[in-house]
Amino acid sequence: MKNILKPLLAIGVFLLAFTSCDNSKKSDSRSGALAGNVAEKVYVAPGEHDEFYAFVSGGFSGQLSVYGLPSGRLFKVIPVFSQDPEKAWGYNEETKPMLNTSHGFVPWDDAHHPDISQTQGVVDGRWVFINGNNTPRIAKIDLTTFETTEIIEVPNSAGNHSSSFVTENTEYVVAGTRFSVPIPQRDMPIKEYKGNFKGALTFISVDPQDGNMDIKFQLIMPGFDYDLSHPGRGKSHGWFFFTTYNSEEANTLLEVNASQNDKDFIAAVNWKKIEEYVNNGGGTKVPANYAHNVYDDETHSATSTMKKEVLVVNPAEVPGAVYLLPTPKSPHGCDVDPTGEYIVGNGKLSANLTVHSFTKMLDAIENQKFAGDAYGIPILNFEDVLAGTVEQPGLGPLHTEFDDKGNAYTTFFISSEVVKWKVGTWEVLDRQPCYYSVGHLMIPGGNSQKPWGKYVVAMNKITKDRYLPTGPEVTQSAQLYDISGDKMELLLDFPTIGEPHYAAGCPADLIKSRSKKIYNLEDNKHPFAVKSEAETKVVRDGNTVHISMSMIRSHFSPDNIEGVKVGDKVYFHVTNLEQDYDVPHGISMIGANTSELLIMPGQTETFLWEPKQEGVWPFYCTDFCSALHQEMQGYVRVSPVGSNTELKWSLGEEIE
Amino acid sequence: MKKSNIIMLVAALLPLGLFLFPLWKITLEAPQYPIPLGMYIYINDFSDANPHDIKNINLMNHYVGMKYIPEAIPEFKIFPAGIIITSILGLLIAFKGNYKWFLFWFILMLVLSTAGLYDFYLWEHDYGHTLDPKAIMKFTNPDGTQMGFQPPLFGTKHILNFTAHSYPRLGAYFLAMGIAVSFIAFLFGRKQYKKLFAK
């Protein structure tokens, strides 16, 4: 019968007369005399929504923050690689496995480069991928729940920095190593680095349906430092480009010893060719040990599986798959324009900006014009692949993004500015200062065939005097520029969490309509879930006590529990029975050596409490849920070891 | 078949629309509910306007001691039976009867519909006034009597932080049209009869 409701709505004639609420459009307050005002451009009126989402990495906070643009308002900090007591991430029993690695539980990482999934070269808003730099990992965040649902560890890698960029149909999310290391890891003298240490470039396949990640292959490259990367797109789809530094293969005082060569390389990898090789049985399976952690929305729990093998490919096995493009002065950012023709090498110690041509690269390869080789990998001639140079644009170029009008925007760390230049003519068009020492910049869709070139966000490492001081440690920040006109215009500074290392953005409409409101209680498959108060119970199994508890406005069931003893391991498995949008409940127990739980409607989470003292100990709801939130509380009676207090529980009546 | 009987046939069938479309809708608006809570009343069911609305209405109402909206009420059996019986009766009249019977059916339906509305009112009144003595929040009217939370039978009413709307839906219009059309059948039949008589 409910299916009939839709056709019913179509019969508007009958209903219009009785339409009860009037959602008449608010008048447009932005027109008129104030239209040119900078403040107006970032003002999003109360109750209105931002035009873009920006997913800004937290850098050393290990998390991913969600901002709105142009307002610069922070909506959520999504816990990814670091424990978050606010959301019980890495504290509750369900999410602890997400932070498991081959080194055990690692509760922190350095989150660097978020990248949104793409379909046919256009950002599709399904997932965000982000790399953990320190203990190499790639995480996937589901943009229907804004939760981290998968983390895969990357073996044979160290300083997972040239990551986590996706190919134009999200075939792969790519993770390159910054440090070269012995592969496999072994005890050896550091001074034997040269020729012995290797750099792994890891291609992680992404299932087009559920996004499941799996390491397809690792390309074992010479022992350089692989700094950043980007996929080819359009005509260069099928290739991936990695900047390298330390082609000197130094292992100490790199600031000097890795800065000696006039040119390092951009490594161009034909991943389609290697994929074909691998699909035909190529490559070598070698022992490895890495964690694959998956969170399930129905069990509301994560599992961690240790994988024991990885497929490695030596570039020499696949002739014509890898080439080295000489690029001046320790290039940092490796950026590909929306057409896929130009590959920008941001030589961070160079005064100029080098741009390579994909077409010229193919020509040089076809004509076998090689300058030499490095460990068997052909090196092309700099002049043969050079498309052009942006002359003297600034000092310390780091990263470049693109708009939809054929312009490029490059950050300069040392001269602290964003410089706009024309792709093809290499002419500098505009420059705007950054406050201060800008690293990455982001244009929504900037790493795709279709950038939305309305704003650029510059992410600064240093703020000094830009905000009210907060002692020696002050905020890092982002700056928003309007790039819709000929000249860039600084609109807004806004503080960020941790280090705003890099960001990815897209129009809000791609995501917001798919954002989940609640978890369906009916679909909850958590082994200790309760679907109603009637199912709540307390079960003892030796020294372990499982409390299957429910929460709904404004009480817990049960809220009186007796028969727990000192030394027990008491698991609170708590299900939020609410099925209404934005009605989470929290729970915390006095003396529990863990965080609170913050449980969304329809979800079950678990914390462990090991009572150490006899007594009657309270627990309460930690999220202001309702008018009777303060009444949402309960007691657990803890009896001494060996006592015979019976295990009993109740709600609304006395335990006899 | 006479034209008036055909019209009566249509009149007798129209109330069956109640089996397809909701009879009534109650909507509750509050600042915290940008998408209002709502409940459709069918002749044999209560249903959510949006998923889980009835559960959430119950959750709100328990604070003031209101009962849960029941899964089923006796009316869910009586009303459908009433509609089926009167429709069959209407069909019999359409095939066998004359305009006087049309008027009879018209009056019968008016009486039964009014009785149904009155029953609905009684249920609403009970729902809004029979409150748990241990209600979490107790409100009194300015004159000291216990505040009730009865939604309006028809129209819009402010109840604490909620604005309640109660309006008939498509099913009710089918019923109303059936009743109206039976009266048209009566008028038409009488005209035809008088014409015949005049000759």
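Residues numbered from 1 in each chain as written. Chains lettered and ligands numbered in written order. Predicted model: local features only at pLDDT ≥ 70, side-chain atom pairs only at ≥ 80, totals over all residues. Heavy atoms only, no water.

### Remarks on the overall build of chain B
Thought 1: A count of helical and extended segments in chain B gives five helices and five strands.
Thought 2: Over its C-alpha trace chain B gives a radius of gyration of 21 Å, far above what one expects of a compact globule, namely 16 Å for 199 residues.
Thought 3: Projected onto its principal axes, the C-alpha positions of chain B cover 75 × 35 × 30 Å.
Thought 4: By the burial criterion, 48% of the 199 residues in chain B qualify as buried.
Thought 5: Working note: accessible area of chain B is about 10600 Å², and carbon and sulfur atoms make up 70% of it.
Thought 6: Taking the average location of the 17 positive side-chain charges in chain B and that of its 11 negative ones, the two points are 22 Å from each other. (Helix = DSSP H or I, 4+ residues; strand = E, 2+ residues; numbered from the N terminus. Rg over C-alpha atoms; globule rule 2.2 N^0.38 Å. Buried < 20%, exposed > 50% of the residue type's maximum accessible area, 1.4 Å probe, protein only. Areas by Shrake-Rupley, 256 points an atom, 1.4 Å probe, with all protein chains shown as cover. Lys, Arg positive; Asp, Glu negative; His and termini not counted. Charge placed at Lys NZ, Arg CZ, Asp CG, Glu CD.)

### So, the overall build of chain A
Thought 1: Secondary structure assignment for chain A yields seven helices and 46 strands.
Thought 2: Here the C-alpha atoms of chain A give a radius of gyration of 28 Å, agreeing with the 26 Å that 2.2 N^0.38 yields for 656 residues.
Thought 3: Each principal axis of the C-alpha atoms in chain A carries an extent, and together these give about 90 × 70 × 55 Å.
Thought 4: The burial tally for chain A puts 57% of its 656 residues in the buried class.
Thought 5: In chain A, the proportion of contacts linking residues at least 24 apart, taken out of those at least 6 apart, comes to 62%.
Thought 6: Accessible area for chain A stands at about 26200 Å²; split by element, carbon and sulfur atoms hold 52% of it.
Thought 7: One finds the centroid of the 55 positive side-chain charges in chain A at a distance of 2 Å from the centroid of its 83 negative side-chain charges. (Contact = heavy atoms within 4.5 Å.)

### Structural notes on the nonpolar core
Thought 1: Of all hydrophobic cores here, the largest spans 72 residues; its most connected members are Phe55, Phe203, Phe217, Phe242 and Ile274 of chain A.
Thought 2: Here this core takes five residues from strand 1 (residues 52–57) of chain A, the largest share from any one element.
Thought 3: Every residue in contact with Phe203 of chain A, bar those within four places of it in the chain, is listed here: Tyr172, Val173, Val174, Asp214, Ile215, Lys216, Phe217, Phe240, Phe242, Val269 and Trp271 of chain A.
Thought 4: Of all hydrophobic cores here, the second largest spans 48 residues; its members include Leu14, Tyr33, Ile54 and Ile179 of chain B. (Core = buried A, V, L, I, M, F, W, Y, C linked by side-chain atoms within 4.5 Å.)

### Looking at the environment of Trp123 of chain B
All names here are of chain B.
Thought 1: Along the chain, Trp123 falls in helix 4 (residues 99–129).
Thought 2: With 57 residues separating them in the primary sequence, Trp123 and Met66 have C-alpha atoms 13 Å apart.
Thought 3: Those residues in contact with Trp123 that lie beyond four places of it in its chain are Phe46, Pro70 and Ile73.

### A look at the pattern of salt bridges
Residue and element names in this part refer to chain A.
Thought 1: Taken as a whole and assessed by the stated rule, the structure comprises 24 salt bridges over all chains.
Thought 2: Across the pair Glu298 and Lys525 runs a salt bridge whose closest N-O atoms are separated by 2.9 Å. Taken together, the residues span a long stretch of sequence, with Glu298 in the loop between strand 18 (284–296) and strand 19 (301–313) and Lys525 in the loop between strand 35 (503–507) and strand 36 (537–541) at a distance of 227 residues.
Thought 3: Bridged by salt links that share partners, the residues Lys41, Asp482 and Glu489 form one connected network. (Salt bridge = Lys/Arg side-chain N within 4 Å of Asp/Glu carboxyl O.)

### Quick notes on the layout of surface pockets
Thought 1: Here the second largest pocket is characterised by a volume of approximately 1400 Å³.
Thought 2: Taken together, 41 residues line the second largest pocket, and the ones lying closest to its centre are Glu533, Ile552 and His555 of chain A together with Leu59 and Tyr68 of chain B. (1 Å grid on protein atoms, 1.4 Å probe; cavity = no way out; pocket = protein on both sides within 12 Å on 5 of 7 lines; lining within 4 Å. Points joined across faces, edges and corners; volume = space filled by probe spheres on them.)

### Overview of the packing of aromatic side chains
Thought 1: Under the criterion given, the structure shown has 43 aromatic pairs over all chains.
Thought 2: Ring centres of Trp127 of chain A and Phe129 of chain A lie 6.4 Å apart, and the angle between their planes is 65°; on these two criteria the pair is classed as edge-to-face. For the pair shown, Trp127 of chain A and Phe129 of chain A are each scored as buried.
Thought 3: Aromatic pair Tyr193 of chain B and Phe197 of chain B: ring centres 6.2 Å apart, planes at 15°, arrangement stacked. (Phe/Tyr/Trp six-rings, centres within 6.5 Å; stacked < 30°, edge-to-face > 60°.)

### Some remarks on empty space enclosed by the protein
All names here are of chain A.
Thought 1: In total, this model carries three cavities of 30 Å³ or more according to the counting rule given.
Thought 2: Lining the largest cavity are 14 residues, with Asp115, Gly445, Gly446, Asn447 and Ala504 sitting closest to its centre.
Thought 3: Looking at the lining of the largest cavity, the elements with two or more residues in it are strand 6 (115–119) and strand 35.
Thought 4: With three residues, strand 35 is the largest single contributor of residues to the lining of the largest cavity.
Thought 5: Counted by class, the lining of the largest cavity contains eight nonpolar, four polar and two charged residues.
Thought 6: Empty space within the second largest cavity amounts to approximately 50 Å³.
Thought 7: Taken together, Phe165, Leu228, His230, Asp335, His399, Thr400, Glu401, His440 and Tyr502 make up the full set of residues lining the second largest cavity. (Nonpolar A, V, L, I, M, F, W, Y, C, P; charged D, E, K, R; others polar.)

### Here we look at the domain arrangement of chain A
In many reports, interface size means the accessible area that the parts give up when they come together.
All names here are of chain A.
Thought 1: With domains assigned, chain A is organised as domain 1 (52–514) and domain 2 (528–650).
Thought 2: On a C-alpha basis, the centroid separation for the pair domain 1 and domain 2 is 43 Å.
Thought 3: Contacts between domain 1 and domain 2 engage ten residues on the former and twelve residues on the latter.
Thought 4: Looking only at domain 1, the three residues that lose the most surface to domain 2 are Glu93, Glu94 and His300, adding up to 43% of its buried area.
Thought 5: Our count for the contact surface shared by domain 1 and domain 2 stands at zero salt bridges.
Thought 6: Linking domain 1 to domain 2 there are five residue pairs in polar contact (both at pLDDT 80 or more).
Thought 7: In terms of residue class, the side of domain 1 that touches domain 2 is built from four nonpolar, two polar and four charged. (Domains from an automatic or database assignment. Buried area = accessible area lost by both parts, 1.4 Å probe. Polar contact = N/O pair within 3.5 Å; in protein donor to acceptor, adjacent residues only side chain to side chain.)

### Description of the sheet that holds strand 23 (residues 353–357) of chain A
Residue and element names in this part refer to chain A.
Thought 1: Ordered in space as 21-22-23-26, the four strands form an open sheet in which the pairing is antiparallel. Of all strands in the sheet, those bounded by a partner on one side alone are strand 21 (331–336) and strand 26 (386–390). Looking at each pair of strands side by side, their axes are set apart by 20° on average, direction ignored.
Thought 2: Bridging between strand 23 and strand 26 involves four bridges; their strand directions are antiparallel. The residue bridging His356 from the neighbouring strand is Leu386, located in strand 26.
Thought 3: The sheet contacts of helix 6 (residues 358–366) involve strand 22 (342–347), strand 23 and strand 26, and relative to strand 23 the element is tilted by about 60°. (Pairing = 2+ DSSP bridges. Axes fitted to C-alpha atoms, helices over the stretch in contact; angles between N-to-C directions.)

### Quick notes on the packing of helix 3 (residues 75–96) of chain B against helix 4 of chain B
Residues and elements named next belong to chain B.
Thought 1: Taken N-terminus to C-terminus, the directions of helix 3 and helix 4 make an angle of 170°; their axes are 10 Å apart at the nearest point. Overall, the two elements helix 3 and helix 4 adopt an arrangement that is roughly antiparallel. When helix 3 is examined against helix 4, the residues Glu75, Phe79, Thr86, Leu89, Gly90, Ile93 and Ala94 are found in contact with a partner set consisting of Trp101, Phe102, Phe104, Trp105, Leu108, Met109, Leu112, Gly116 and Asp119.
Thought 2: Partitioning the contact of helix 3 with helix 4 into residue classes produces eleven nonpolar, three polar and two charged. (Parallel < 35°, antiparallel > 145°, perpendicular 65-115°, else oblique.)

### Description of the pairing of strand 3 (residues 73–78) of chain A
Residue and element names in this part refer to chain A.
Thought 1: Sheet topology note: the strand 2 (residues 64–69)/strand 3 ladder contains five bridges and is antiparallel. The partner of Tyr67 across the bridge, within strand 3, is Leu74.
Thought 2: Counted between consecutive antiparallel strands, the loop separating strand 2 from strand 3 contains three residues, among which Gly72 sits at a positive phi close to 75°.

### Structural notes on the packing of helix 4 of chain B against helix 5 (residues 170–198) of chain B
Residue and element names in this part refer to chain B.
Thought 1: Relative orientation of the contacting elements helix 4 and helix 5 amounts to 160°, with a least axis distance of 8 Å. Taken together, the axes of helix 4 and helix 5 are roughly antiparallel relative to one another. Where helix 4 crosses over helix 5, the two elements pack in a sense that is left-handed. On helix 5, the residues that touch Tyr99, Phe102, Leu103, Trp105, Phe106, Met109, Leu110 and Ser113 of helix 4 are Leu175, Gly178, Ile179, Ser182, Phe183, Ala185, Phe186, Gly189, Arg190 and Tyr193.
Thought 2: For the contact of helix 4 with helix 5, the residue count by class is 13 nonpolar, four polar and one charged. (Left-handed = near helix turned anticlockwise from the far one by under 90°.)

### Some remarks on the sheet that holds strand 3 of chain A
All names here are of chain A.
Thought 1: Overall, antiparallel pairing links the four strands, which are arranged 3-2-1-35 in an open sheet. The sheet is open, and its two edges are formed by strand 3 and strand 35, each paired on a single side. On average, each strand axis in the sheet is inclined to that of its neighbour by 20°, with strand direction left out of account.

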